[in-house]
Amino acid sequence: MRRTTPFLLFTIAVIGGLLLPILVQQGMFLDGVTYSAISHNLANGLGQNWNPHYTDTLYPEFHEHPALFFIIESGWFRIFGHSIWIERVFSLSMAVIHCWGIVLCWRLFMTDKRFRSYFFLPILLWIATPIVFWSFQNNMLENLLSCFTLFAVYFISRGLLSSKYIFSALGSIFILFGVLTKGPVGLFPLALPILFIVAFGQFKDKKLWLHAILFIAFTCILFIAVFTLYPEVAQNIEAYLQQQLLPALSNKREVTTHNRWSILGQLLLELTLPIVVCLVVIIFHRMRKTLALPLFRKEILFFLLVGISASLPLMVTLKQRPFYLVPAIVYFSFVFALFLLPFLQEYVERIPLVAIKRWHNFSLVLLLAIVSFSAYNFGRYSRDREMLEDIDIIRKSVPANSVIGSSSSLWESWGLVAYLNRLGGYSLDQSTQPTY
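To keep things clear, this report deals only with the structure shown in the data block. A quick note: this is a predicted structure, and the numbers were derived from the prediction, not measured.

1. Quick look at the layout of surface pockets
In step 1: Roughly 1,000 Å³ of internal volume is contained in the largest pocket.
In step 2: In terms of lining residues, the largest pocket is bounded by 40 residues, among which His65, Lys182, Gln244, Lys319 and Tyr324 are the most central.
In step 3: Elements supplying a minimum of two residues to the lining of the largest pocket: α2 (30–43), α7 (141–162), α11 (231–249) and α14 (297–311).
In step 4: When residues of the lining of the largest pocket are assigned to their parent elements, the largest contribution, five residues, is made by α11.
In step 5: Broken down by class, the residue content of the lining of the largest pocket amounts to 26 nonpolar, six polar and eight charged.
In step 6: Put simply, the second largest pocket is a space of about 300 Å³.
In step 7: Lining the second largest pocket we find Phe7, Phe120, Leu121, Leu124, Leu125, Val277, Val281, Leu340, Phe343, Leu344 and Tyr347.
In step 8: Elements that contribute at least two residues to the lining of the second largest pocket include exactly α5 (120–127), α13 (272–287) and α15 (326–350).
In step 9: A breakdown of the residues in the lining of the second largest pocket according to their chemical character gives eleven nonpolar, no polar and no charged.

2. Some remarks on the nonpolar core
In step 1: Phe70, Trp106, Trp126, Phe302, Tyr331 and Phe334 are the most contacted members of the largest nonpolar core, which has 126 residues in total.
In step 2: Per-element tally for this core: the top contributor is α15, with 17 residues.
In step 3: Ignoring any residue separated from it by four or fewer positions in sequence, one finds Phe334 in contact with Ile102, Cys105, Trp106, Pro122, Leu150 and Phe303.

3. Considering the environment of Ser36
In step 1: Residue placement: Ser36 occurs in helix α2.
In step 2: By relative accessible area, Ser36 is classed as buried at 1%.
In step 3: When the C-alpha atoms of Ser36 and Ser74 are compared, they prove to be 8.2 Å apart, with 38 residues separating the residues in sequence.
In step 4: Contact partners of Ser36, with chain neighbours within four places excluded, come to Glu73, Phe77, Glu87, Asn139 and Arg422.
In step 5: A polar contact is formed between the side chain of Ser36 and the side chain of Glu87, at a distance of 3.5 Å.

4. Quick word on helix α19 (residues 414–424)
In step 1: Most of α19 sits inside the fold, with nine of its eleven residues counted as buried.
In step 2: Restricting attention to buried positions, one finds in α19 the residues Leu416, Val417, Ala418, Tyr419, Leu420, Asn421, Arg422, Leu423 and Gly424.
In step 3: Where α19 is buried, its residues contact α2, α3 (68–80), α4 (85–109), α17 (385–397), α18 (408–411) and β4 (427–429).
In step 4: Looking one or two places after α19, you find Gly425, whose phi comes out positive at around 70°.

5. Observations concerning the packing of aromatic side chains
In step 1: Within this structure, the stated rule accounts for 40 aromatic pairs.
In step 2: Measuring from ring centre to ring centre gives 5.2 Å for Phe109 and Phe303, while their planes differ by 70°; the resulting arrangement is edge-to-face. You can see Phe109 sitting in helix α4 and its partner Phe303 sitting in helix α14, a full 194 residues away along the chain.
In step 3: Looking at Phe109, the relative accessible area reads 9%, which means it is buried.
In step 4: Counting every residue linked through ring pairs, the aromatic cluster contains Tyr35, Tyr54, Tyr59, Phe62, Phe69, Phe70, Trp76, Phe80 and Phe90.

6. A short note on the packing of α17 against α19
In step 1: Running from amino to carboxyl end, α17 crosses α19 at an angle of 45°, the nearest separation of the two axes being 10 Å. Taken together, the axes of α17 and α19 are oblique relative to one another. Both α17 and α19 take part in a crossing whose hand is right-handed. Contacts between α17 and α19 involve Met387, Leu388, Ile391, Ile394 and Arg395 from the former and Gly415, Leu416, Tyr419, Leu420 and Leu423 from the latter.
In step 2: Of the residues that constitute the contact of α17 with α19, the class distribution is eight nonpolar, one polar and one charged.

7. Things to note about empty space enclosed by the protein
In step 1: According to the stated counting rule, one finds one cavity of 30 Å³ or more in the structure shown.
In step 2: For the largest cavity, the calculated volume is near 90 Å³.
In step 3: Along the walls of the largest cavity sit Gln26, Gly27, Met28, Val33, Ser36, Ile84, Glu87, Arg88, Leu388, Tyr419, Arg422 and Leu423, which together make up its complete lining.
In step 4: When residues of the lining of the largest cavity are traced back to their parent elements, those giving at least two are α2, α4 and α19.

8. Notes on the pattern of salt bridges
In step 1: Evaluation of the coordinates by the stated rule reveals eight salt bridges.
In step 2: One salt bridge in this structure joins Lys182 and Glu142, with 2.3 Å as the shortest N-O distance. Residue Lys182 is located in helix α8 (residues 165–182), and its partner Glu142 is located in helix α7; the two are separated by 40 residues in the primary sequence. Both residues of the pair, Lys182 and Glu142, count as buried.
In step 3: Taken together, the salt bridges that share partners define one network made up of Glu87, Arg88 and Arg422.

9. Focus on the side chain of Ser168
In step 1: Here Ser168 lies in helix α8.
In step 2: If we skip the residues at most four places from it in the chain, Ser168 touches Phe155, Ile156, Gly159, Leu160, His211 and Phe215.

10. Section: the packing of helix α1 (residues 5–23) against α4
In step 1: Where α1 meets α4, the closest approach of the two axes is 10 Å, and the angle between their N-to-C directions is 165°. With respect to α4, the axis of α1 lies roughly antiparallel. Here α1 and α4 pass one another in a crossing that is right-handed. Across the interface between the two elements, Ile15, Leu19, Leu20 and Leu23 from α1 touch Trp85, Arg88, Leu92, Ala95 and Cys99 from α4.
In step 2: Grouping the constituent residues of the contact of α1 with α4 by class yields eight nonpolar, no polar and one charged.

Definitions and cut-offs
Residues numbered from 1 in each chain as written. Predicted model: local features only at pLDDT ≥ 70, side-chain atom pairs only at ≥ 80, totals over all residues. Heavy atoms only, no water. 1 Å grid on protein atoms, 1.4 Å probe; cavity = no way out; pocket = protein on both sides within 12 Å on 5 of 7 lines; lining within 4 Å. Points joined across faces, edges and corners; volume = space filled by probe spheres on them. Helix = DSSP H or I, 4+ residues; strand = E, 2+ residues; numbered from the N terminus. Nonpolar A, V, L, I, M, F, W, Y, C, P; charged D, E, K, R; others polar. Core = buried A, V, L, I, M, F, W, Y, C linked by side-chain atoms within 4.5 Å. Buried < 20%, exposed > 50% of the residue type's maximum accessible area, 1.4 Å probe, protein only. Contact = heavy atoms within 4.5 Å. Polar contact = N/O pair within 3.5 Å; in protein donor to acceptor, adjacent residues only side chain to side chain. Phe/Tyr/Trp six-rings, centres within 6.5 Å; stacked < 30°, edge-to-face > 60°. Axes fitted to C-alpha atoms, helices over the stretch in contact; angles between N-to-C directions. Parallel < 35°, antiparallel > 145°, perpendicular 65-115°, else oblique. Left-handed = near helix turned anticlockwise from the far one by under 90°. Salt bridge = Lys/Arg side-chain N within 4 Å of Asp/Glu carboxyl O.

Written out as structure tokens, the structure reads:
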């Protein structure tokens, strides 16, 4: 057994503890229910791939976001059925894929074999960030977007390190997928070659500059080709720009703050745990006069620049929400993990084997307890219990896919609208007198 195995097992237990007990219960944040309802409608033949349908009376043509998320999640409904647990398994699978992407990135930059098995560290710092595990509990668009952009970063970095254009071309495809999931916020990996040159000090490397130019050119050609060959995709993006993005950029809808810097304050708040841990390590080793410069200075600078490129552009609009930061958090997790790695590695090597085995057994017991607790909570309610119980009563009396009359206050209860549509295909109508 490797010395790092108990820590990996502990990380798996933490992931399970932060996600499973909520995912096995009924109830979900408004946006996640809305996205699952639209995806479920698409799986049932309501709407078209690039022209999704929400309800008969609210967004019968939904263009608040690009459509790729709904297309992919609808595939899960077509394959695995129409249970409410499908969107939860989908969200959990995004977390697992994300962990895989973190491992690939870690091994790509970790040439020293002593440190390669410590990939659990960035995963632990990432999933322990409150907005990250909250997002994966609630089926958010950012889950899929973050997967696409992470794999874009991996393939582009691999292309730059190996001088093989095929990997960078794969990165371009993942950038396209990111844009088709959440719009221009998925474009930040385009800056990766420049950030790589800056971080690693390769300003005089002509091959890298040529690689960067060809990569950007290929990405532009790819976008033009897709929008030209598939006009329905271009129409979907154009409708999204007109309906959602441009009004948001001009601060004409959903203004959530009056300070553009608030998103950076939220970022620091989300990163409180790793910041505190790093400060404690710095203070401890300074007191012992054993603090040295980080071993991975260039890699730390690289991931820091990538994290900034993924978060700083969010300041352009006053429509800011904490979960917009999810695609950026993983790169800051790499930054903190790389800083802490030498200290952790030294500590792990000094732990007696008896303590290693005890930590392994503790992690196993913890994992078993989390699975048992999740099984105990299966089917219970994590939120909105009264509303969901009422909808169960409605489903017994009102045929699925009906239009139900309501007051204006209920029609504007967006959580109720989302649950009614996801669970029964219902639409609310305040202007006419429907049968129900």
